[in-house]
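# Close look at the chain arrangement
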Amino acid sequence: MRRVSDSRCFRQASRGFTLVEMIIAIVITGILVAMVSMFGRRQIDAYIDVSNRAELSDAADTALRRMARDLQAALPNSVRNVSPLFLEFVPIRAAGRYRAEVGGGAGDDPLDFTSATDNSFDVLGPTVNIGAGEALVIFNLGQTGSDVYSNVPAQSSRRAATAGANLSKVTFAPAGVQFPLASPQNRFQIVGQPVSYECAGNAAHPELGTVIRHTGYGFLPAQPTVFSTGTSAVLVGDVAACSFSYTPAVLQRNGLVVISLTLTRNGESVVLMHQIDVLNTP
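What comes next concerns the included structure. (Residues numbered from 1 in each chain as written. Predicted model: local features only at pLDDT ≥ 70, side-chain atom pairs only at ≥ 80, totals over all residues. Heavy atoms only, no water.)

## What to know about the state of the cysteines
Applying the stated criterion to the full structure yields 1 disulfide. Linked covalently through their sulfurs, Cys199 and Cys242 form a disulfide whose S-S length is 1.7 Å. Between Cys199 and Cys242, the S-S dihedral sits near 130°, and the bridge is therefore right-handed. Here the residue Cys199 occupies a position in strand β11 (residues 195–200), and Cys242 occupies one in strand β14 (residues 239–251), the gap between them amounting to 43 residues. (Disulfide = S-S within 2.5 Å. Helix = DSSP H or I, 4+ residues; strand = E, 2+ residues; numbered from the N terminus.)

## Comments concerning the sheet that holds strand β13 (residues 231–237)
Ordered by their spatial adjacency, 5 strands build an open sheet running β1-β2-β11-β12-β13, and the pairing between neighbours is antiparallel. Looking along the sheet, the strands with just one partner apiece sit at the ends: β1 (80–83) and β13. Across the sheet, the mean angle from the axis of one strand to that of its neighbour is 20°, orientation sign disregarded. Two strands pair when backbone bridges link them, and β1 and strand β2 (residues 86–89) are joined in this way by 2 bridges, in the antiparallel orientation. Across the sheet, the residue bridging to Arg80 is Glu88, located in β2. (Pairing = 2+ DSSP bridges. Axes fitted to C-alpha atoms, helices over the stretch in contact; angles between N-to-C directions.)

## A word on the sheet that holds strand β10 (residues 187–191)
In space, the 6 strands of this open sheet follow the order β7-β6-β10-β3-β4-β9, with antiparallel pairing throughout. Single-partner strands in this sheet number two, and they are β7 (158–160) and β9 (169–171). Taking the axes of each pair of neighbouring strands and ignoring which way they run, one obtains an average angle of 40° across the sheet. With 3 bridges joining them, strand β6 (residues 135–137) and β10 adopt antiparallel strand pairing. From the neighbouring strand, Ala135 faces β10, where its bridge partner is Val191.

## Describing the environment of Thr171
Of note, Thr171 is situated in strand β9. Judged by its relative accessible area of 27%, Thr171 falls in the partly exposed class. Considered as a pair, Thr171 and Phe121 are 50 residues apart in the sequence and their alpha carbons are 6.8 Å apart. Among the polar contacts made by the side chain of Thr171, one reaches the side chain of Thr162 at a distance of 3.0 Å. (Buried < 20%, exposed > 50% of the residue type's maximum accessible area, 1.4 Å probe, protein only. Polar contact = N/O pair within 3.5 Å; in protein donor to acceptor, adjacent residues only side chain to side chain.)

Structure below.
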């Protein structure tokens, strides 16, 4: 005899969710997510704040270290600070001692400060490299009569040098007059173009504030505040405020540069101050 089966139980077991059940599940899920977010929001905000402060601190520290490295290689008595927003110096590329007297050799070439036409000298010690556009400086005092920024030969401690590699003899362009002063220790320096740091902070819109590094604009008697020539590069952004100050002869012949830098991002700020000793013994 054929058995008849009832399939109603199978149809009832495979029934899906109703629309009301789905809405209830969504509402309950939303309530749970809201409760979790309320408890986790503070931790997420704290993480974001710490991350912003860490990034700002790292950016400020990197910028200050870069400026410190530049200034520690500055030509003695070349740092200028016309206002808290600008700092200028001349970077040293190489240095050594020149022959001041004949040493007994047939080919000895001392630098004669009594001759306006003598334009070469022997390097005592290791050889030096001179790049294109670099200059020779002897006994820069940073004042009238011996100033690397002066373009008057009789008052300038700077002369255009002949480029070359591994030089045991340095030659320079005659200027019609010899260097104003001889170095008591017979020192000379090879320098590059002046460098200026500009603080363009913006307290109202920190994302627009920057510290800018200018170079290649040439030697100017007065410290520039407008740079229409040369090259400029942004050292760091997010600058709300910054300032430079320079005090010469703090410790005998050393100067002191103080840099203050404030970076701001997403409501978080860091303030760093850095002091840099500058050697001013020419």
